[in-house]
Amino acid sequence: MTLNDKILFYLIDNPKATNVEIANHCNIKEDHAKVTISKLKTKEWIEVSGQGDNRTISVLREPIVKIDKKERYNRQLDFLESIMFSDADPKYRLEASSQHIRILNKL
């Protein structure tokens, strides 16, 4: 995860975060946090309204989370299992089951 992503995720949960809080969360210096916030603002990934204690940062572009192959397979398996054990039409449950087996064979 990049520093930009880490800051964006933090700001989604903490829109009123100060530069010091952002720096502490990301283990960087406050000046580095200021510069990064400024760059994110220039790229229009965030919008800053207010100043000082009234400052609120809105994330306009959420970070893209890259997941590894194993995590992607696990998510697919969970989805397929939800179909397999649902009240869906039997032909869809059977298809989900066969896809589930194919994914398990890839792991």
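The text that follows walks through the structure, step by step, so that each part is easy to find. Keep in mind the model is a prediction, meaning the values are calculated, not measured.

Of regular secondary structure, the chain possesses five helices and two strands. Starting at the N terminus, the α and β elements of the chain follow one another as α-α-α-β-β-α-α. The C-alpha atoms of the chain give 21 Å as radius of gyration, which overshoots the globular expectation for 107 residues (13 Å, by more than 25%). Overall, the chain is about 60 × 25 × 20 Å in size when its C-alpha atoms are taken along their principal axes. Within the structure as shown, the chain displays about 7900 Å² of accessible surface, and the carbon and sulfur contribution to it stands at 50%.

The next point concerns a nonpolar patch on the surface. There is a patch of nonpolar side chains on the surface, built from M1, F9, I12 and V65 and spanning about 400 Å² of accessible area. Mapped onto the secondary structure, V65 falls in the loop between β2 (56-59) and α4 (69-84). Residue classification places V65 among the exposed residues on the basis of a relative accessible area of 51%.

Pairing of strand β1 (residues 46-49) with β2 involves four bridges; the strand directions are antiparallel. Its bridge partner lying in β2, E47 is registered against S58. Hairpin connection from β1 to β2: six residues lie between these consecutive antiparallel strands, with G50 at a positive phi of about 80°.

This part is about the packing of aromatic side chains. According to the stated counting rule, one finds zero aromatic pairs in the structure shown. Positioned above the aromatic ring of W45 is the side chain of K43, whose terminal nitrogen or guanidinium carbon lies 4.8 Å from the ring centre.

Another point: α4. Across its 16 residues, α4 extends 22 Å between first and last C-alpha, which sits within 8% of the 22 Å expected from 1.5 Å per residue. Turning to α4, its buried residues number three or more, namely Y73, L77, L80 and M84. End-on, the buried residues of α4 take up no more than an arc of 70°, which puts them together on one face. Close packing links the buried residues of α4 with α5 (90-106).

Attention shifts here to α5. Between its first and last C-alpha atoms α5 spans 25 Å; for 17 residues at 1.5 Å apiece the expected length is 24 Å, and the two agree. Buried residues belonging to α5 abut α4. If you check the start of α5, you find a side-chain oxygen 3.0 Å away from the backbone N of K91, and it comes from D89.

What follows is about unusual backbone geometry. You will see that N27, though not glycine, has its phi angle at about 55°, which is positive. Along the chain, N27 falls in the loop between α2 (19-26) and α3 (30-42). Here the phi dihedral of E44 falls at roughly 65°; this positive angle occurs in a residue that is not glycine.

The topology assignment puts R55 in the loop between β1 and β2. The charged side chain of R55 is buried without a salt bridge, its nearest counter-charge being E21 at 7.1 Å. Here the side chain of R55 touches A17 through a polar contact of 2.8 Å, landing on its backbone oxygen. Of the polar contacts made by the side chain of R55, one reaches the side chain of N19; its length is 3.2 Å. If sequence neighbours within four positions are ignored, R55 has contacts with P15, K16, A17, T18, N19, I22, V48, S49 and G50.

Cut-offs used in this document
- Residues numbered from 1 in each chain as written.
- Predicted model: local features only at pLDDT ≥ 70, side-chain atom pairs only at ≥ 80, totals over all residues.
- Heavy atoms only, no water.
- Helix = DSSP H or I, 4+ residues; strand = E, 2+ residues; numbered from the N terminus.
- Rg over C-alpha atoms; globule rule 2.2 N^0.38 Å.
- Areas by Shrake-Rupley, 256 points an atom, 1.4 Å probe, with all protein chains shown as cover.
- Patch = residues over 30% accessible without salt bridge, like charges linked within 9 Å, V, L, I, M, F, W, Y side chains within 5 Å.
- Salt bridge = Lys/Arg side-chain N within 4 Å of Asp/Glu carboxyl O.
- Buried < 20%, exposed > 50% of the residue type's maximum accessible area, 1.4 Å probe, protein only.
- Pairing = 2+ DSSP bridges.
- Phe/Tyr/Trp six-rings, centres within 6.5 Å; stacked < 30°, edge-to-face > 60°.
- Lys NZ or Arg CZ within 6 Å of the ring centre and 35° of its normal.
- Expected span 1.5 Å × (residues − 1).
- Arc of directions from axis to C-beta.
- Contact = heavy atoms within 4.5 Å.
- Polar contact = N/O pair within 3.5 Å; in protein donor to acceptor, adjacent residues only side chain to side chain.
- Lys, Arg positive; Asp, Glu negative; His and termini not counted.

Purely spatial values, then, with no claim about function.
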